[in-house]
Amino acid sequence: MRYFLRPISAALLLVTASFVPALAAQPQHAIASHGEPALAPDFKHFPYANPDAPKGGRVSYGVVGTFDNLNPFILKSMRTTARGMWDPQFGNLTHESLMQRSRDEPFTLYGLLAESVEFDDERTYIQFNINPLARWSDGKDVTADDVIFTFNLLEEKGRPPYSSRLDKVKNMEKTGPLSVRFTLKEDAGNEFPLILGLNPVLPEHATDVETFDKTTFDPPVTSGPYRISEVKPGQKITFERRPDYWANDLPIKRGIDNYDEISIEYFLSDSAQFEAFKKGIFDFHAEGSPISWKRAYNFSAVENGDVEKTVFERKTPAGMYGFVFNTRREKFQDVRLRRALAMLFDFEWVNRTLFDDAYKRTESYFQHSFLSSIGIPASDIERKLLEPFPDAVDEAVLVGNYHATRTNGSGRDRKVQRAALELLNEAGYRISGGKLLNEAGEQLAFEVMTQNEGQEKIALAYQRNLAALGIELRIHTVDDAQYQRRSQNYDYDMIMKSYSASLSPGTEQIWRWDSRSRDVPGTFNYAGTADPAIDAMIEAMLEARSQEDFTAAVRAFDRVLISGHYVVPLYYLPGQRVAYRSNLEHPAFTPIYGYVLPAWWDKRAAQ
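Just so we're clear, the structure is a prediction, and the values are computed from it rather than from any experiment.

Parameters and conventions
Residues numbered from 1 in each chain as written. Predicted model: local features only at pLDDT ≥ 70, side-chain atom pairs only at ≥ 80, totals over all residues. Heavy atoms only, no water. Pairing = 2+ DSSP bridges. Helix = DSSP H or I, 4+ residues; strand = E, 2+ residues; numbered from the N terminus. Axes fitted to C-alpha atoms, helices over the stretch in contact; angles between N-to-C directions. Contact = heavy atoms within 4.5 Å. Parallel < 35°, antiparallel > 145°, perpendicular 65-115°, else oblique. Left-handed = near helix turned anticlockwise from the far one by under 90°. Nonpolar A, V, L, I, M, F, W, Y, C, P; charged D, E, K, R; others polar. pLDDT = per-residue confidence, 0-100. Core = buried A, V, L, I, M, F, W, Y, C linked by side-chain atoms within 4.5 Å. Buried < 20%, exposed > 50% of the residue type's maximum accessible area, 1.4 Å probe, protein only. Arc of directions from axis to C-beta. Salt bridge = Lys/Arg side-chain N within 4 Å of Asp/Glu carboxyl O. Phe/Tyr/Trp six-rings, centres within 6.5 Å; stacked < 30°, edge-to-face > 60°. Lys NZ or Arg CZ within 6 Å of the ring centre and 35° of its normal.

It is worth spelling out the sheet that holds strand β20 (residues 445-450) at this point. Taken in spatial order, the 5 strands line up as β21-β20-β22-β16-β23 in an open sheet, and their pairing is mixed. Each of the sheet's edge strands pairs with one partner strand only, and the pair in question is β21 (472-477) and β23 (567-569). Strand-to-strand, the axes of this sheet are offset by a mean angle of 35°, without reference to chain direction. As paired strands, strand β16 (residues 320-325) and β23 are joined by 3 bridges and run antiparallel to one another. In the sheet register, V324 faces β23, and the bridge partner there is V567. Helix α11 (residues 453-467) contacts β16, β20, β21, β22 (494-499) and β23 of the sheet and is inclined by roughly 170° relative to β21.

Now for the sheet that holds strand β5 (residues 99-101). Taken in spatial order, the 3 strands of this open sheet run β3-β6-β5, and their pairing is antiparallel. The open sheet is flanked by β3 (30-32) and β5, the only strands paired with a single partner. Within the sheet, the average angular offset between the axes of one strand and its neighbour, ignoring direction, is 25°.

We now examine the packing of helix α7 (residues 347-355) against α11. Two numbers describe a pair of packed helices, the interaxial angle and the distance between the axes. α11 packs onto α7 with a crossing angle of 135° between their chain directions and a minimal axis gap of 11 Å. In terms of axis orientation, α7 runs oblique to α11. Crossing hand, α7 versus α11: right-handed. Residue-level inspection shows W349, V350, L354 and F355 of α7 in contact with α11, the latter providing K457, I458, A461 and R464. Grouping the constituent residues of the contact of α7 with α11 by class yields 6 nonpolar, no polar and 2 charged.

When pLDDT is averaged along the protein, the result is 93; 96% of the residues meet or exceed 70. Note on residues 1-23: pLDDT under 50 across the span, and 59 contacts to partners over four residues away in sequence or across chains.

Ranked by internal contacts, the top residues of the largest apolar core, which has 48 residues, are Y365, W513, I534, I538, F557, V560 and V567. Counting only elements with at least two residues in this core, the list comes to β16, α9 (395-399), β22, α13 (510-513), α14 (532-543) and α15 (547-564). If sequence neighbours within four positions are ignored, V560 has contacts with L386, A392, V393, A533, I534 and M537. Ranked by size, the runner-up nonpolar core spans 46 residues in total, among them F107, A144, V201 and A599.

Where α14 meets α15, the closest approach of the two axes is 8 Å, and the angle between their N-to-C directions is 160°. Between α14 and α15, the angle is such that the two are roughly antiparallel. In this structure, α14 meets α15 at a crossing whose hand is left-handed. Along the contact surface, α14 presents A533, I534, M537, I538, A540 and M541, while α15 presents F550, A553, V554, A556, F557, V560 and L561. Of the residues assigned to the contact of α14 with α15, the class counts are 13 nonpolar, no polar and no charged.

Buried within helix α3 (residues 270-278) we find Q273, F274, A276 and F277. End-on view of α3: buried residues confined to an arc of 160°, all on one side of the axis. Contacts from the buried residues of α3 go to β4 (58-64), β13 (261-267), β14 (284-287), β15 (307-312) and β25 (576-581). Phi for G280, located one or two positions after α3, is positive at around 85°.

Turning next to the pattern of salt bridges. The final tally for this structure, using the stated rule, is 25 salt bridges. A salt bridge links K278 to E275; the nearest nitrogen and oxygen atoms lie 3.3 Å apart. One end of the pair is K278 and the other is E275, both in helix α3 and 3 residues apart, which spans about a single turn. Of the charged contacts in the structure, one is a salt bridge between E382 and R559, with a shortest N-O distance of 2.6 Å.

A few words on the packing of aromatic side chains. By convention here, two paired aromatic rings are described through the distance between centres and the angle between planes. All chains considered together, the criterion is met by 42 aromatic pairs. On the basis of an interplanar angle of 5° and a centroid distance of 4.3 Å, the ring pair of Y61 and F90 is categorised as stacked. Taken together, the residues Y61 in strand β4 and F90 in the loop between β4 and β5 connect sequence positions 29 residues apart. By the burial criterion, Y61 is buried, and F90 matches it. Seen from their ring centres, F323 and F345 are 6.1 Å apart, and the 65° between their planes marks the pair as edge-to-face. Residue F323 is located in strand β16, and its partner F345 is located in the loop between α6 (335-343) and α7; the two are separated by 22 residues in the primary sequence. An identical accessibility class is assigned to F323 and F345; each is buried. Following the ring pairs from residue to residue traces out a cluster consisting of Y61, F90, F284, F312, Y580, Y595 and W600. Lying across the ring of F107, R101 places its NZ or CZ 4.3 Å from the centre. Directly above the aromatic system of W293 lies the positively charged group of K309, at a separation of 4.4 Å from the ring centroid.

Structure, rendered in structure tokens:
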């Protein structure tokens, strides 16, 4: 018998290579975070996929930025890894997870590398049973040893969140040549078994442990539907569909991965990207600006029908986009200051002047969904969760009366300025000589780091709002490489960020808001939060078993974040606006999470 020992926080994880008896459980084809999977074991395909979609053709995508790495699982170059390899938008073209998430359910996984799962009602363990058909691109079998190897490797040399996946695992055991069981710690939570199912699996026989955490341009051995056919560092990466892909006939793959070739072009700026799309250099463009949607699509390819425009309606929360305070900076540790600065952003003026009133104001981290706390008094369950933290939620937020500050749209609303100044006075600031000074006589001044012209435009409007009270806001627009590096190291006063949201928030919130992620480089805790109330609400979300308890925990979490004023909320745009070449086609049905690019196809392949 051999043992492999790995440190896990203060404990040790014992990984046993011998076979141990599995707990009695019925293998399941799927697992849902709450409730039951929507699709029966004999389902034929996902509802948002067309099983008759033709295979063949090609598609080219365009992105802004650069890339210097082909390993998406390491901290170094974490945000400059080539797109498409492990990609929530373009698809996991090369690497695969144990299970596949449905885009038409809040959080449900169906079998991929693992053809089935076993778990008890309390979810104290989960066992993944590998599909005996699963193969690596070099023809070798995918095994339980690969799964164990991957979890141990990523714990030691991977980036967040993969580096901490074993923190809530008591034991990882090989129960057969194709089976691995994870026995979970008591605080793992209801969602955590699904998080394990989303972990990538890497080939032990083809992975160099010593050099794994180094950047590389060597195409890896993987199990996914595509292989890398060409790499132009920083400029373009091309994938070709594997004719020998092992999972072509699985229900979750019918009508998916339809192109023979997928390429991703890189551009230095948004404007360069859009000009390239107009010239036909790439085929699909997601438009985030309602003004551009109205005014910029008057080029010949649109007029003659070579480019089509479509708005997809999704049924998920809008998320939060805004100016994020870095509370690691001493000046931003006072919630009164953060609240006052948030009040001074004149959304009504910006929306009318810059965007033809196209946007709606964001107020909740789960805006436009039943998980939002806006306009809803806290339930008894919420109040019980919040009881240990009496100062964590403002009264207006608790009773459902809170709304983001609304101005008269003049860009200089005196009433709002007076209210903000009162808070600033409470925080120790006074106006003297046209400047807002602290008790030491220093002007309140800080820098916002922006990434592109669009962000800079919003920052300029905010700069104008703040200047009226003698606050200096400096705007620093940096290139993509510097932006990613400084983001990763939290080297900024304020940054503009978008927090996506789903109907099943869970473990990802740890890496955005939990105390454990505050001082770890490369997480998404851009605000630097470390608040026991936030930690407790995240824990309540993860522990919830019923939909009622889960909804209450999310709303309580929303109220704590709103009351903390960690972000100056900006706006959201209902619907997904996309333009694409007319040779591309998409399924008629749109799932709750919106369009799914891996389900599209090239109509020319059927000709």
